[in-house]
Amino acid sequence: MHPWLEKQRHLIDFTLAALARRKAKNIGLLAAYALLVFVLASLALFTQALRKEAGFVLAASPEVIVQRMVAGRHDLIPPGYLEKIGRLRGVQKKEGRLWGYYYDPVVSANYTFMARPAEEVASGSIMLGATLARARGLQPGNLISFRSYAGKLFSFKVAALLSPDSELLAADLVLLSEDDFRAFFDYPAGHYTDIALSVANPQEVRNIAAKLANALPDSRPILREEVLRTYQSIFDWREGIVLTVLAGAILAFALLAWDKASGLSAEEKREIGILKAIGWETGDVIRMKLWEGVLVSLSAFLLGFVAAYIHVFYFGAAIFKPVLQGWAVLYPSFTLVPAVDGLQIATLAFFTIFPYSAAVLVPIWRAATTDPDAVMR
Amino acid sequence: MLRPSTFAAALLGAAGLAFAVSLLDAARLGTARQPARDERRVLVGKLGLTDLSLFTEARYTRHPSQADLHSALQDHPAAFDHFPTGALLAPPPHLTAPYASLAGKTASPD
């Protein structure tokens, strides 16, 4: 074997033997370190995957949604509104949408009702999101009744369930025909919840929104790019919130690592003194400690990252679920498409491996450059 | 007897291998789960969906991109936002940005 490699192996042997002398303390440190990396990596992988998912699927959402505001609140679109919009140049397609919320006291959950054309959902039947169907124990062919806000009971036949793969988007969705929707919510004829616009030229979207705001001053256009930006910022915010909550733990670990690494115990100082007295060079002592820092931090990083990967992409980030779920009764069951990028890993590795290795080195360099006699005293 | 450095190298090698496998697995899962994701995108386009159904407890958390600026506090003036998700959910940036000229501008008095 190459003499340099053999020397490093001996240094590593010595380092591990020294670590083994304080086994419980060092295993505890490694476990806490790996746990910290696990939480940080889980958070990074989870938010990044959700961010990518939202960006990918919502890129197909309508270019512009037009809402009408009355007294600061979202109000119904009155008849005639659609015609006014139709005169705007660049608008390819316009569609009045009907959707709303329904609170189901049986499971204390909120549903989103949405009207669909009769050729998709026949009158008297509904299509359900898989999460909702699970919560109510429904299968295609079953009947379900909802009491409307007017107090009338409406019965629907479950025609089909939406694909379980779509739970992240349609957990609480109830699709029904337009006639049923209007009858159930007692919706005034000719009114809509909002309007979805298709714009042929993406460059024109902002201009059309500006024209809309001028032509219909009580309207509020919501652009697709705003929807996408909302989701990017939601997950940035969430990552920030969890990081804030974790800040205490991160600081506590930083203190522990700093204390362990920088505050050399009398025993360690004596050890360095003895090593120098028997002929070790300052460089050897530093190399030995460098190996210690690299071995501990690299093991913690690798273990923490792999555990985080399994947690997020095979166990659905089960630890974060209660935080995400909030008070919601319907929580979708979903699998994320991994979005692991090099920059993310490099950042995580830099902030976990580098500080510890550096914290180990500085005090050792100070101790190793002093006179062995003084260190041993 | 096994030298400690050999033992450490074996352990680190195994951890490094697991790390590499996780990266390869990410690529594999990405390919395997892409058709379902394409389906979700088709559903979004077909139904005109605008939001993920991650938080279904309140209307402004179910459809954050469609909610108006004060919907979290609309129950009565000075009402506190009482759903836990509200603490996790940032208001959409286009509503808080001072340059957002399109959001909620009305000519008629509210």
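As the structure is a computational prediction, the values presented were derived from the model and not from experiment.

Time to look at the packing of aromatic side chains. The geometry of an aromatic ring pair is captured by the separation of the ring centres together with the interplanar angle, meaning the angle of the planes. This structure, assessed with the given rule, holds 29 aromatic pairs over all chains. Ring geometry for A:Phe146 and A:Phe184: centres 6.4 Å apart, planes at 75°, overall edge-to-face. Placement of the pair is A:Phe146 in strand β7 (residues 143-147) and A:Phe184 in helix α6 (residues 178-185), with a sequence separation of 38 residues. Judged by relative accessible area, which is 1%, A:Phe184 ranks as buried. An aromatic cluster of at least three residues, connected via ring pairs, comprises A:Tyr102, A:Tyr111, A:Phe113, A:Phe146, A:Tyr149, A:Phe154, A:Phe156, A:Phe181, A:Phe184, A:Phe185 and A:Tyr187. Sitting over the ring of A:Tyr192, A:Arg182 keeps its end group 5.2 Å from the ring centre. Seen from the ring of A:Phe56, B:Arg41 lies directly overhead, with NZ or CZ sitting 4.5 Å from the centre.

In this section: the nonpolar core. Membership of the largest hydrophobic core comes to 73 residues, with the highest contact counts inside it found for A:Phe301, B:Leu52 and B:Leu54. Of all the secondary structure elements, the ones that give two or more residues to this core are α1 (3-21), α2 (23-57), α5 (167-170), β9 (173-177), α8 (224-262), α10 (282-314) and α12 (342-369) of chain A together with α1 (4-47) of chain B. The greatest single-element share of this core, amounting to 15 residues, is contributed by α2(A). Grouped together as the second largest cluster of nonpolar side chains are 24 residues, A:Tyr111, A:Phe113, A:Ala115 and A:Phe146 included.

We now examine the pattern of salt bridges. Evaluation of the coordinates by the stated rule reveals 19 salt bridges over all chains. Ionic pairing is found between A:Arg134 and A:Glu167, a salt bridge with its closest N-O pair at 3.0 Å. One end of the pair, A:Arg134, is in helix α4 (residues 130-136); the other, A:Glu167, is in helix α5, and 33 residues separate them in sequence. Judged by relative accessible area, A:Glu167 falls into the buried class, the value being 3%. In this structure, A:Arg206 engages A:Glu225 in a salt bridge whose closest nitrogen and oxygen atoms are separated by 3.5 Å. Highlighted residues: A:Arg206 in helix α7 (residues 205-215) and A:Glu225 in helix α8, separated in sequence by 19 residues. Its relative accessible area of 38% is what places A:Arg206 among the partly exposed residues. Owing to a relative accessible area of 37%, A:Glu225 belongs among the partly exposed residues under this scheme. Through salt bridges that share partners, A:Glu6, A:Asp13 and B:Arg3 make up one connected network.

Before going further, it helps to examine the interface of chain B and chain A. At the interface, 69 residues of chain B touch 93 residues of chain A. Interface area for chain B against chain A, summed over the two sides, is near 7,100 Å², with a carbon-plus-sulfur share of 62%. For the pair chain B and chain A, the interface holds five salt bridges. With a shortest N-O distance of 2.7 Å, B:Arg62 and A:Asp172 are connected by a salt bridge. Contributing elements (two or more residues each) for the side of chain B that touches chain A: α1, α2 (59-62), α3 (85-88) and α4 (93-96) of chain B. Take the side of chain B that touches chain A: its biggest share by element is 29 residues, from α1(B). Its residues assigned to classes, the side of chain B that touches chain A comprises 31 nonpolar, 21 polar and 17 charged.

Cut-offs applied
- Residues numbered from 1 in each chain as written.
- Chains lettered and ligands numbered in written order.
- Predicted model: local features only at pLDDT ≥ 70, side-chain atom pairs only at ≥ 80, totals over all residues.
- Heavy atoms only, no water.
- Phe/Tyr/Trp six-rings, centres within 6.5 Å; stacked < 30°, edge-to-face > 60°.
- Helix = DSSP H or I, 4+ residues; strand = E, 2+ residues; numbered from the N terminus.
- Buried < 20%, exposed > 50% of the residue type's maximum accessible area, 1.4 Å probe, protein only.
- Lys NZ or Arg CZ within 6 Å of the ring centre and 35° of its normal.
- Core = buried A, V, L, I, M, F, W, Y, C linked by side-chain atoms within 4.5 Å.
- Salt bridge = Lys/Arg side-chain N within 4 Å of Asp/Glu carboxyl O.
- Contact = heavy atoms within 4.5 Å.
- Buried area = accessible area lost by both parts, 1.4 Å probe.
- Nonpolar A, V, L, I, M, F, W, Y, C, P; charged D, E, K, R; others polar.

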